[in-house]
Amino acid sequence: MPQFATTFGSLSSTVHGLVVSTILIPAALSSFFGGHLANKVGRLRGIALGAAVFGIGAAVEASSVKLGMLIAGRVVKGIGEGLFLSTCVVYITEISPPRSRGTLASIPQLLTTIGVCSGYFTCYGSVSIASSASWRIPFTLQALLAFLFTLSTLLFLVESPRWLVACGRHGEAMKIWEELGIDAAEREKIEEREAGELPEQVKVADLFAVFGKENWRRTALGVFLMGMQQASGIDGVLYYAPLLFASAGLMSSTAAFLASGISALLIFIVTIPAFLFADSWGRKTSSIVGGSAQVLCMFIIGSLYAAGAARWVVIILIYLFALAFSGTWGVCFRVYVSEIQSPKTRAGAASLALSANWVVNWIIAFTTPMFLARSTYGVYFFFGGCTAVTVAVCAVAMPETRGKSLEDIDESF
């Protein structure tokens, strides 16, 4: 936005990447400890604390008068996001019955696409405002939504009964199981598996249990999948969509934001059937098919830029890439990484995997504008190559989990 440049000055590609990516390293660090915090204080309090911190960071951004203040706000937001995001998926995984776990655990991804879509169209609507309100309004809305999420989490949601069982609070857990409609046989299996986990599961200092003999393979798989999810280039596309569309021929800010908003709207639309049928499609099949489609899109985009031809086709392929990701990897990876972990390490391993996601996300966000400034096509071949490697690993080392209880999945490892 030109109004943003008026307030903070024109940013070089390096500073631009640094400002955008500042949120990610704090998120990676706080996410590493977020699962252990959730083990100690409970899933809901962990989520609420992270959301409140995120809201404070967004409020700082909205009131920024100097670039340093904006960066500080993004650091605070990153800490909050790292605390609540991985715990959200763990919480949903733990309260969901096997028959619908994939669908329910995909809710965060569906809401993420709604947020991305809303964000682009909010910026499209505010970019015409002549004052700094054009970029302050989106941050203000973020802060309000974060505080609303904090309150609703504490007032309206029930605690994870699996966490309550691990803490020895069986009476409370039983009431919640009945509210959630989990049958007696499933409850007995959970009680038997998790009732004895209290000494290890709530120990904040036990940060390295995820690398134990029984857990290291699934921890490594989760870390790899979540890291390579970002190496596919999805957030490079989402963060810099206006820049990418401008390089493809849409030069005005309004046109670029409109094209970005359309891509976000398409992502949201394709996420709906992916969300509804998450338990009808196998996790492994979805990962391989979706990844193959992403590889194809990225290699074709790189080839077109290298040849200097058919730039309008690039816009279509960016749309197709985002659709393929959102309908497959965006939905299934976070669910899969959480459900393959053992009861003792689920929160910690899921948090570590999300930390890897944030670290790679930071690398992509920081380097993408510098890549694009030096080569219009090399970055697409890089993203496509990373995705191809991930597809191969999924084909060889990814056990199917669809329709299985968490306890049955645990036994399979």
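This section reports on the structure supplied with the text. Just so we're clear, the structure is a prediction, and the values are computed from it rather than from any experiment.

Looking now at the environment of isoleucine 176. Tracing the chain through its elements places isoleucine 176 in helix H10 (residues 170–180). Overall, isoleucine 176 belongs to the buried group, its relative accessible area being 9%. With 15 residues separating them in the primary sequence, isoleucine 176 and proline 161 have C-alpha atoms 6.3 Å apart.

In this section: the packing of aromatic side chains. Across all of its chains, the model carries six aromatic pairs by this definition. The interplanar angle of 65° and the centroid separation of 6.0 Å between the aromatic rings of phenylalanine 84 and phenylalanine 149 together place this pair among those described as edge-to-face. Taken together, the positions of phenylalanine 84 in helix H5 (residues 67–95) and phenylalanine 149 in helix H8 (residues 133–156) put the pair 65 residues apart, joining distant regions of the chain. Residue class for phenylalanine 149 comes out partly exposed when judged on its relative accessible area of 31%. Ring geometry for phenylalanine 299 versus phenylalanine 381: centroids 6.1 Å apart, planes at 35°, classification tilted. Of this pair, phenylalanine 299 sits in helix H17 (residues 283–307) while phenylalanine 381 sits in helix H21 (residues 378–397), placing them 82 residues apart in sequence. Owing to a relative accessible area of 33%, phenylalanine 381 belongs among the partly exposed residues under this scheme.

Moving on to the state of the cysteines. This structure, assessed with the given rule, holds zero disulfides. Cysteine 332 forms no disulfide, and the closest cysteine sulfur to it belongs to cysteine 394, at a distance of 7.6 Å. On the basis of relative accessible area, cysteine 332 is assigned to the buried category, the value being 5%.

A separate point is the packing of helix H7 (residues 107–126) against H8. When two helices pack together, you describe them by how their axes are tilted relative to each other and by the distance separating the axes. Where H7 contacts H8, the two axes come as close as 8 Å, and the packing angle between them is 150°. Here H7 lies roughly antiparallel to H8, going by the angle between them. In the crossing of H7 with H8, the sense of the turn from one axis to the other is right-handed. Every residue of H8 that contacts H7 at Thr122, Cys123 and Ser126 is listed here: Ser134, Pro138 and Leu141.

In contact at an axis separation of 9 Å, helix H20 (residues 346–374) and H21 are set at 140° when each is read in the N-to-C sense. By the angle class used here, H20 and H21 are oblique. Mapping the contact onto sequence places Ile364, Thr368, Phe371 and Leu372 in H20 and Val379, Tyr380, Phe382 and Phe383 in H21.

Where a protein is soluble and globular, its nonpolar side chains tend to be buried together. Counting 51 residues, the largest nonpolar core has Leu225, Ile301, Phe333, Trp358 and Tyr380 as its most contacted members. The next biggest cluster of nonpolar side chains, apart from the first, holds eight residues, and it includes Leu164, Val165, Cys167 and Ile182.

What follows is about the pattern of salt bridges. Under the criterion given, the structure shown has five salt bridges. Put simply, arginine 43 and glutamate 94 hold a salt bridge, and the shortest N to O gap is 2.8 Å. Of this pair, arginine 43 sits in helix H4 (residues 43–62) while glutamate 94 sits in helix H5, placing them 51 residues apart in sequence. As a salt-bridge pair, glutamate 61 and arginine 74 come within 3.1 Å of each other at their nearest N and O atoms.

With 29 residues, H20 ought to run about 42 Å at 1.5 Å a step, and its terminal C-alpha atoms sit 42 Å apart, in line with that. Its axis deflected by about 40° at threonine 367, H20 carries its strongest bend there, up to four residues before the proline proline 369. The buried fraction of H20 is high, at 21 of 29 residues.

By secondary structure assignment, the location of phenylalanine 413 is in the segment after helix H22 (406–412). For phenylalanine 413, a relative accessible area of 26% translates into the label partly exposed. Separated by 71 residues in sequence, phenylalanine 413 and serine 342 place their C-alpha atoms 8.9 Å apart. Among residues more than four places away in sequence, those in contact with phenylalanine 413 are Arg217, Arg218, Ile340 and Pro399.

What counts and what doesn't
Each residue is numbered by its place in its chain's sequence as written, counting from 1. Two thresholds apply to this predicted model, a pLDDT of at least 70 for residue-level local features and 80 or more for giving and counting side-chain atom pairs, whereas whole-chain, interface and lining totals are computed over all residues. The side-chain numbers reported here are obtained from all heavy atoms of the structure, hydrogens and water having been left aside. In this description a helix means any DSSP run of H or I spanning at least four residues, a strand means any run of E spanning at least two, and both kinds are numbered starting from the N terminus. Only protein chains enter the accessibility calculation, which uses a 1.4 Å probe; a residue is then buried when its area is under 20% of its type maximum, exposed when over 50%, and partly exposed in between. Each Phe, Tyr or Trp ring, with Trp reduced to its six-membered ring, pairs with another whose centre is within 6.5 Å; inter-plane angles below 30 degrees give stacked pairs, above 60 give edge-to-face pairs, and intermediate values give tilted ones. Two cysteine sulfurs form a disulfide in these notes if their separation is within 2.5 Å. In this analysis an axis means a line fitted to C-alpha atoms, helices contributing only their contacting stretch, and an angle means the value between N-to-C directions, from 0 to 180 degrees. Note that the term roughly parallel is reserved for angles under 35 degrees, roughly antiparallel for angles over 145, roughly perpendicular for angles of 65 to 115, and oblique for everything else. Note on convention: the crossing is left-handed when the near helix lies turned anticlockwise from the far helix by less than a right angle, right-handed when the turn is clockwise. Throughout, a residue-residue contact means that at least one pair of heavy atoms, one from each residue, lies within 4.5 Å. Among the buried residues, those of types Ala, Val, Leu, Ile, Met, Phe, Trp, Tyr and Cys that are joined through side-chain atoms within 4.5 Å form a nonpolar core. By definition here, a salt bridge exists when the distance from a side-chain nitrogen of Lys or Arg to a carboxyl oxygen of Asp or Glu is within 4 Å. Expected span, for any helix, means 1.5 Å times one less than how many residues it has. Values of bend correspond, residue by residue, to the angle between axes fitted over the seven residues ending at that residue and the seven starting there.

Honestly, that's just the spatial picture; any functional story needs more than this.
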